[in-house]
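# Architecture at a glance
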Amino acid sequence: MKAIVLAGGSGTRLRPITHTSAKQLVPVANKPVLFYGLEAIRAAGITEVGIVVGDTEPAIRAAVGSGEALGLRVTYIRQSAPLGLAHAVLVAREFLGDDDFVMYLGDNFIVGGITALVEEFRASRPDAHIMLTPVPDPSQFGVAELDGEGQLIGLEEKPERPKSDLALVGVYLFTPAVHEAVDHLAPSRRGELEITEAIQWLVHNGRKVTSTVISGYWKDTGNVADMLEVNRMVLESAERAVVGEVDEASELIGRVIIEAGARVSGSRIVGPVIIGAGAEVTGSYIGPFTSVAADCTIADSEIEYSIILDRTSIQGVRRIEASLIGHDVEVTPAPRVCQAHRLVLGDHSKVQISS
């Protein structure tokens, strides 16, 4: 069995971060989101992985390399434009050959991995298997309709009037039968080859398509709010590990990770928090659910429920929260300016100024 991981796309909902970085490489608890998916694939016993890339290919290649460090053999597959998930299957056809495969969206996060799902698929081997989960706004996703016995009877991509609240999670399992379905597709109204239409073709043509409604945690990390929520979820399960230097004037409370080479002085850190290698925190408060990446400098500042990327400097800033701050950023107080009122008042005016 093989896997293809989709790591193209422009990540418009995460701009301006994604103007200079691939959305799949934005870190959660100081590790790129993409790596969680790759590790889940490896844990399921799959080692042959094709990563479908677009304009951010150089960044993805630099981060993942050959895949050896993750226990994988990685092949990079170029997609000329983000023309749909089924189009990604089409361009990966040579890599996939006649093997069964998992398709994993590189910006998705699933707690618990996919090992049980892959084992079930290998045992029963339907033509396709999908994962579903209830969502508040299904019109933003591919939506599944099940009959009274829980069998899949229909799929729609981002429908205006959803027939259920069951959204497709970004992990799909296929036999080579899906290639025939993809060959029959035409571009949708969005100009894309939709994987939902390929699966619908399988259903319509009597192929076996099964589904699992998951109750566990799943997120499409496509926007800042979701990134922060996934960061919170991962840090919730963190175990305290203090390897870096912490002076006696500092206080660490709860599940705090201080990586090798990090230095903390005169600060209060309330976990769950991770402070990356080479970072320096002085005279500051770092609150729960915050990830500070490698080589950052935090001085005389307060930060909570945020993700701070590599080499960023935050100095003299009171209270940052619910923020995603990119690489090599400098955050400092604004210069003080004199406060004054400029008035042009007519005769006999009466003015009250509170200042």
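Residues numbered from 1 in each chain as written. Predicted model: local features only at pLDDT ≥ 70, side-chain atom pairs only at ≥ 80, totals over all residues. Heavy atoms only, no water.

## Side note on the overall build of the protein
Of regular secondary structure, the protein possesses nine helices and 30 strands. Principal-axis analysis of the C-alpha atoms places the extent of the protein at approximately 80 × 65 × 40 Å. When contacts within the protein are restricted to residue pairs at least 6 apart in sequence, long-range pairs at least 24 apart make up 49% of them. For the protein, the accessible area works out to roughly 17,200 Å², and carbon and sulfur atoms hold 48% of it. (Helix = DSSP H or I, 4+ residues; strand = E, 2+ residues; numbered from the N terminus. Contact = heavy atoms within 4.5 Å. Areas by Shrake-Rupley, 256 points an atom, 1.4 Å probe, with all protein chains shown as cover.)

## Notes on a nonpolar patch on the surface
A cluster of nonpolar side chains, namely L343, L345, V351 and I353, defines an oily patch on the protein surface of about 360 Å² accessible area. In this structure, I353 sits in the segment after β30 (330-331). A residue is classified by how much of its surface remains accessible, and I353, at 44% relative accessible area, is partly exposed. (Patch = residues over 30% accessible without salt bridge, like charges linked within 9 Å, V, L, I, M, F, W, Y side chains within 5 Å. Salt bridge = Lys/Arg side-chain N within 4 Å of Asp/Glu carboxyl O. Buried < 20%, exposed > 50% of the residue type's maximum accessible area, 1.4 Å probe, protein only.)

## Considering the pairing of strand β8 (residues 128-134)
Burial within β8 is extensive, with six of its seven residues counted as buried. As judged from the six bridges shared by β8 and strand β11 (residues 166-174), these two strands associate in the antiparallel manner. Bridging across to β11, L132 finds its partner in L168. By the bridge criterion, five bridges tie β8 to strand β12 (residues 209-213) in an arrangement that is parallel. (Pairing = 2+ DSSP bridges.)

## Quick look at helix α2 (residues 33-43)
A large share of α2 lies buried, amounting to eight of its eleven residues. Of all the residues in α2, the buried ones are V33, L34, F35, Y36, G37, L38, A40 and I41. At the C-terminal side of α2, G45 shows a positive phi close to 90°.

## Points about the packing of aromatic side chains
One pass over the full model with this rule turns up four aromatic pairs. Judged by centre distance (5.2 Å) and plane angle (70°), the rings of Y36 and F109 are edge-to-face. Here F109 lies in strand β7 (residues 108-110) and Y36 lies in helix α2, a separation of 73 residues in the sequence. With respect to class, Y36 is no different from F109; both count as buried. (Phe/Tyr/Trp six-rings, centres within 6.5 Å; stacked < 30°, edge-to-face > 60°.)

## Here's the deal with helix α9 (residues 224-236)
Across its 13 residues, α9 extends 18 Å between first and last C-alpha, which sits within 8% of the 18 Å expected from 1.5 Å per residue. Of the residues making up α9, those classed as buried are D226, M227, L228, E229, V230, N231, V234 and L235. (Expected span 1.5 Å × (residues − 1).)

## Focus on the sheet that holds strand β21 (residues 280-282)
Strands belonging to one sheet form pairs held by backbone hydrogen bonds; the direction of such a pair is parallel or antiparallel. Taken together, the six strands give an open sheet; going across it, the order is β15-β18-β21-β24-β27-β30, and neighbouring strands pair in parallel fashion. Of all the strands in the sheet, just β15 (245-246) and β30 have a single pairing partner and so form its edges. Two elements, β21 and strand β24 (residues 297-299), share three bridges in a ladder whose sense is parallel. Each bridged residue has a counterpart across the sheet, and for T282 the counterpart in β24 is A299.

## Things to note about the packing of α2 against helix α3 (residues 57-64)
Close contact between α2 and α3 brings their axes to 11 Å; oriented N to C, the two are set at 55°. Taken as axis vectors, α2 and α3 run oblique relative to one another. Once α2 is placed against α3, the crossing between them reads as right-handed. Contact with α2, carried on its side by L34, F35 and L38, involves I60, A63 and V64 of α3 and no other residues of that element. Of the residues contributing to the contact of α2 with α3, the split by class is six nonpolar, no polar and no charged. (Axes fitted to C-alpha atoms, helices over the stretch in contact; angles between N-to-C directions. Parallel < 35°, antiparallel > 145°, perpendicular 65-115°, else oblique. Left-handed = near helix turned anticlockwise from the far one by under 90°. Nonpolar A, V, L, I, M, F, W, Y, C, P; charged D, E, K, R; others polar.)

## Quick look at the nonpolar core
Nonpolar side chains in soluble globular proteins generally cluster together in the buried interior. Of all hydrophobic cores here, the largest spans 35 residues; its most connected members are I4, M103, Y172, F174, I195 and I199. For M103, the contacting residues outside a window of four places in its chain are I4, L6, L85, V89, G170, V171, Y172, F174 and I195. Among the nonpolar cores identified, the runner-up in size contains 33 residues, and L25, V74, I110 and F121 belong to it. (Core = buried A, V, L, I, M, F, W, Y, C linked by side-chain atoms within 4.5 Å.)

## Structural notes on the sheet that holds strand β17 (residues 256-258)
Read across the sheet, six strands follow the order β14-β17-β20-β23-β26-β29 without closing on themselves; strand pairing throughout is parallel. The sheet is open, and its two borders are formed by β14 (241-242) and β29 (324-325), each paired with just one other strand. Relative to β17, β14 runs parallel, the two sharing two bridges. Bridge pairing links V242 to I258 in β17.

## Quick word on unusual backbone geometry
Here the residue pair G271 and P272 is connected by a cis peptide bond, since its omega of 5° sits within 30 degrees of zero. Residue position: P272 is located in the loop between β19 (268-270) and β20 (273-275). Unlike most non-glycine residues, Y305 shows phi in positive territory, near 50°. Relative to the elements of secondary structure, Y305 occurs in the loop between β25 (302-304) and β26 (307-308). Relative accessible area serves as the criterion here: at 23%, Y305 is assigned to the partly exposed category.

## Some points on the side chain of S291
Take S291: it is sitting in strand β23 (residues 290-292). When sequence neighbours within four positions are dropped, the list of residues in contact with S291 reads A29, N30, N231, L235, I274, S306, I307 and I308.

## With respect to the side chain of E192
By the element assignment, E192 lies in the loop between α7 (177-183) and α8 (195-204). At 3.1 Å, the side chain of E192 and the side chain of R190 are in polar contact. Apart from residues no more than four positions distant in its own chain, E192 is found in contact with P82, L83, G84, A186 and P187. (Polar contact = N/O pair within 3.5 Å; in protein donor to acceptor, adjacent residues only side chain to side chain.)

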